[in-house]
Amino acid sequence: FFYDYNVSKLYKLIEASEWDKVVDRATARPQEVRTWVIRKEEENLDQIRWKMLPLHVAILFRAPAYVLRALLFPGAATQVDDQDMLPLHLAFRHNPDEEILKMIIQQFPRGVLVLDRKGRRPIEVTQQHVTFSVSFVHFYSESVLLVSALNKHNQKNNYYYNNNNNSNIHSIFVIIIFSLIFIIISYHHCSGTQNEGKIQIQKQIQIQGQDR
């Protein structure tokens, strides 16, 4: 579908934030869930301004988890937009709800280490001062360690992570997670029980020795 002249009804519903209707449409017309929406430059129709699946769009419009679940068809979490950003990149950036993040990571664990066009992993595009629970950080840490171990034992499969032949790259990934836990994470002791157990992942991610 093209945004300017034959955009799908599903996209229009997402744009209008009609969440219950989005779920109904996705159920009734599953082909639209898998169909890319593309917008081209007005002055050069051969050049794409952006392209996104309904899942990408819904994340940008901060759809709730139950809506994204209806749009997360098998393999959807592996699909990148025109900026080489996975749904996980967009979720960390625009809709960092823990249930949503877990749902996307569970479908595509390797996504935690995939780089976008600017060489950023999903967690590196998170807005400042976003807080996550300790349980989520443990889940994320385990995901990174698992993917790092799988990559180490399956180096022939380079499709879904950075095309870098540095033999130390897997060690760097492990350094990232331990730095995330023991250096980057600062615990917040806030008054009241509502904020207990919350942590802030700070934006200054400094990993020494990383070669982009």
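No experiment lies behind these values; they were computed from the predicted model shown.

**Q** Sorry if this is basic, but what is going on with the confidence of the model for the protein chain here?
**A** It should be kept in mind that the predicted coordinates are not to be read in detail where pLDDT is low. Per-residue confidence for the protein chain gives a mean pLDDT of 77, with 64% of residues at or over 70. When the criterion is pLDDT under 50, residues 181-212 qualifies, and its contacts beyond four places in sequence or with other chains add up to 61 contacts.

**Q** Can you help me understand helix 6 (residues 87-94) in this one?
**A** The α-helix advances 3.6 residues per turn, and as a result positions three or four apart in sequence lie on the same side. Of all eight residues that make up helix 6, six are buried, and the element is covered over most of its length. Listed in full, the buried residues belonging to helix 6 are P87, L88, H89, L90, A91 and F92.

**Q** Quick question: what am I supposed to make of the pattern of salt bridges here?
**A** It is possible for side chains of opposite charge to pair when their charged atoms get near one another. If you walk through the whole model with that rule in mind, you get four salt bridges. Between E32 and R25 there is a salt bridge, with its nearest N and O atoms 2.5 Å apart. The pair formed by E32 and R25 is uniform in burial state, with each residue classed as buried. Linking D84 and R117 is a salt bridge whose minimum nitrogen-to-oxygen distance equals 3.7 Å. Placement of the pair is D84 in the loop between helix 5 (65-71) and helix 6 and R117 in the loop between helix 7 (98-107) and strand 3 (131-133), with a sequence separation of 33 residues. Residue classification places R117 among the exposed positions, given a relative accessible area of 53%.

**Q** What should I look at first to understand the environment of V144 in this one?
**A** Along the chain, the position of V144 falls in helix 8 (residues 134-153). Residue classification places V144 among the buried residues on the basis of a relative accessible area of 2%. Expressed as a C-alpha distance, the spacing of V144 and R110, which sit 34 residues apart in the sequence, is 8.0 Å.

**Q** Help me out: how do you make sense of unusual backbone geometry in this one?
**A** A positive phi angle is found at S17, which is not glycine, with a value near 60°. Looking at the element boundaries, S17 is found in the loop between helix 1 (9-15) and helix 2 (19-28). A positive phi angle, close to 65°, is found at H129, a residue other than glycine. Looking at the secondary structure, you find H129 in the loop between helix 7 and strand 3.

**Q** Can you walk me through the environment of I105 in this structure?
**A** Its location among the elements puts I105 in helix 7. What makes I105 buried here is its relative accessible area of 1%. Sequence separation between I105 and L88 is 17 residues; the distance between their C-alpha atoms is 7.2 Å. In this structure I105 touches L88, V112, F139, Y140 and S143, once residues within four positions along its chain are discounted.

**Q** Is there a simple way to explain the nonpolar core in this structure?
**A** L71 and F92 are the most contacted members of the largest nonpolar core, which has 52 residues in total. At six residues, helix 8 tops the list of elements feeding residues into this core. Excluding anything up to four places from it in sequence, F92 contacts L101, P122, I123, V125, T126, Q127, F132, F136 and Y140.

**Q** Quick question: what am I supposed to make of the side chain of S148 here?
**A** Residue placement: S148 occurs in helix 8. At 2.8 Å, the side chain of S148 and the backbone oxygen of V144 are in polar contact.

**Q** Help me out: how do you make sense of the packing of aromatic side chains in this one?
**A** Each aromatic ring pair is summarised here by two numbers: the centre-to-centre distance and the angle between the ring planes. Per the counting criterion, the structure on display carries five aromatic pairs. The interplanar angle of 75° and the centroid separation of 6.0 Å between the aromatic rings of F92 and F132 together place this pair among those described as edge-to-face. In this pair, F92 is assigned in helix 6 and F132 in strand 3, connecting sequence segments 40 residues apart. An identical accessibility class is assigned to F92 and F132; each is buried. Relative to F139, the ring of F136 has its centre 6.2 Å away and its plane inclined at 40°; by these criteria the two rings are tilted. Note that F136 and F139 are positioned in helix 8 at a spacing of three residues, about one turn of the helix. The pair formed by F136 and F139 is uniform in burial state, with each residue classed as buried. Each member of the aromatic cluster is reached from another via a ring pair, and the members are F92, F132, F136, F139 and Y140. Over the aromatic face of F139 sits the side chain of K102, whose NZ or CZ is 5.6 Å from the ring centroid.

Conventions used here
- Residues numbered from 1 in each chain as written.
- Predicted model: local features only at pLDDT ≥ 70, side-chain atom pairs only at ≥ 80, totals over all residues.
- Heavy atoms only, no water.
- pLDDT = per-residue confidence, 0-100.
- Contact = heavy atoms within 4.5 Å.
- Buried < 20%, exposed > 50% of the residue type's maximum accessible area, 1.4 Å probe, protein only.
- Helix = DSSP H or I, 4+ residues; strand = E, 2+ residues; numbered from the N terminus.
- Salt bridge = Lys/Arg side-chain N within 4 Å of Asp/Glu carboxyl O.
- Core = buried A, V, L, I, M, F, W, Y, C linked by side-chain atoms within 4.5 Å.
- Polar contact = N/O pair within 3.5 Å; in protein donor to acceptor, adjacent residues only side chain to side chain.
- Phe/Tyr/Trp six-rings, centres within 6.5 Å; stacked < 30°, edge-to-face > 60°.
- Lys NZ or Arg CZ within 6 Å of the ring centre and 35° of its normal.

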